[in-house]
Amino acid sequence: MGKLTGKTALVTGSSRGIGRATAIRLAREGALVAVHCSGNREAAEETVTAIEKEGGRAFSVLAELGVPGDVHELFLGLERELKERTGATTLDILVNNAGVMGGVNPEDLTPEQFDRLFAVNAKAPYFLVQRALSNLPDGGRIINISSGLTRVANPQEVAYAMTKGAIDQLTLHFAKHLGPRGITVNSVGPGITDNGSPVFDNPEAVTAMAGYSVFNRVGEARDIADVVAFLASDDSRWITGSYLDASGGTLLG
Ligand code: NDP
């Protein structure tokens, strides 16, 4: 029996990258996983298929985050599917993973780009947590994917890093708020992690990026997924409101 047998989980942005690896990992522990993304059903279904191939249980739910009505739409699909499969709408584990990066010089970032980063990376997670409060049972889990860039400066990502700073505040304050219910809320801060994007096919770029970690490699999505699985399990019951550095020692300087 897995550590999450009988649990339900939503992993936002799990059609690829860290989210996909996390969805697969949670399902491997026995959770029924809602695989979410904005619109690429084929990619979401690839995650579902990968889970089912291993004997796990999952379904896809599509909803673009960062637009009006986003959380409502996501929960319409989520609750419908949960009810069909479990007879209830209980959500034991919420992983706020979906996110977008900036990659724009600080001088060039537009107000629209700034608003978009905050809408997807900070506002959506806040209202997902708020909406999930009635679905989360006592002892539930909220895991927010932050970033090592909350601790290391990268001017091209100043607004992105600001959104992740907001995520860490979401973690801190909701951890106190939900403590009486035994719900833990934690942030995980990845460093550079191979998410399957083309830059990770470039050996020179990978060598340069690997140099940031004391282990001299870039992170794999499963490195982060394993940390999330720990935080989702009962093993982490005494940890809340924390920021877990999952950067392969990048922050050690
Ligand atoms: P990817 O870009 O590989 O995947 C992002 C996922 O989020 C996709 O499933 C995507 O689905 C979904 N998504 C993006 N925008 C939206 C939206 N507006 N609405 C709904 N879904 C959306 O991301 P990573 O795996 O690289 O990153 C995952 C998390 O980890 C992010 O929060 C990121 O900031 C953080 N992180 C990543 C690092 C890295 O080096 N990879 C380092 C530090 C932090 P779709 O394509 O359908 O929109």
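Residues numbered from 1 in each chain as written. Predicted model: local features only at pLDDT ≥ 70, side-chain atom pairs only at ≥ 80, totals over all residues. Heavy atoms only, no water.

Trainee: If you had to explain the sheet that holds strand β5 (residues 141-145) to someone new, which residues and values would you point to?
Mentor: Reading across the sheet, the seven strands line up as β3-β2-β1-β4-β5-β6-β9 and stay open at both edges, with parallel pairing between neighbours. Whereas interior strands pair on both sides, the edge strands pair on one side only; in this sheet they are β3 (57-62) and β9 (243-246). Between one strand and the next, the sheet's axes are offset by a mean angle of 20°, whatever the strand orientation. Sheet topology places strand β4 (residues 93-96) next to β5; four bridges connect them, and they run parallel. Paired with Ile93 across the strands is Arg141, a residue of β5. The sheet strands contacting helix α2 (residues 41-53) are β2 (32-37) and β3, and the helix crosses β3 at an angle near 170°. Those strands touched by helix α5 (residues 158-178) are β5, β6 (184-190) and β9, and its axis lies near 160° from that of β6. (Pairing = 2+ DSSP bridges. Helix = DSSP H or I, 4+ residues; strand = E, 2+ residues; numbered from the N terminus. Axes fitted to C-alpha atoms, helices over the stretch in contact; angles between N-to-C directions. Contact = heavy atoms within 4.5 Å.)

Trainee: Account for the packing of aromatic side chains, with residues named and values stated.
Mentor: All told, the structure shown has three aromatic pairs when counted by the stated rule. Ring centres 4.8 Å apart and planes at 25° place the aromatic pair Phe114 and Phe118 in the stacked group. Taken together, the residues span about one helical turn, with Phe114 and Phe118 both in helix α4 (residues 111-132) at a distance of four residues. Since its relative accessible area comes to 23%, Phe118 is described here as partly exposed. Taking the centre distance of 5.6 Å and the plane angle of 55° together, the rings of Tyr126 and Phe174 count as tilted. You can see Tyr126 sitting in helix α4 and its partner Phe174 sitting in helix α5, a full 48 residues away along the chain. Judged by its relative accessible area of 34%, Tyr126 falls in the partly exposed class. Members of the aromatic cluster, each reached through a chain of ring pairs, are Tyr126, Phe127 and Phe174. Seen from the ring of Tyr243, Arg151 lies directly overhead, with NZ or CZ sitting 3.4 Å from the centre. (Phe/Tyr/Trp six-rings, centres within 6.5 Å; stacked < 30°, edge-to-face > 60°. Buried < 20%, exposed > 50% of the residue type's maximum accessible area, 1.4 Å probe, protein only. Lys NZ or Arg CZ within 6 Å of the ring centre and 35° of its normal.)

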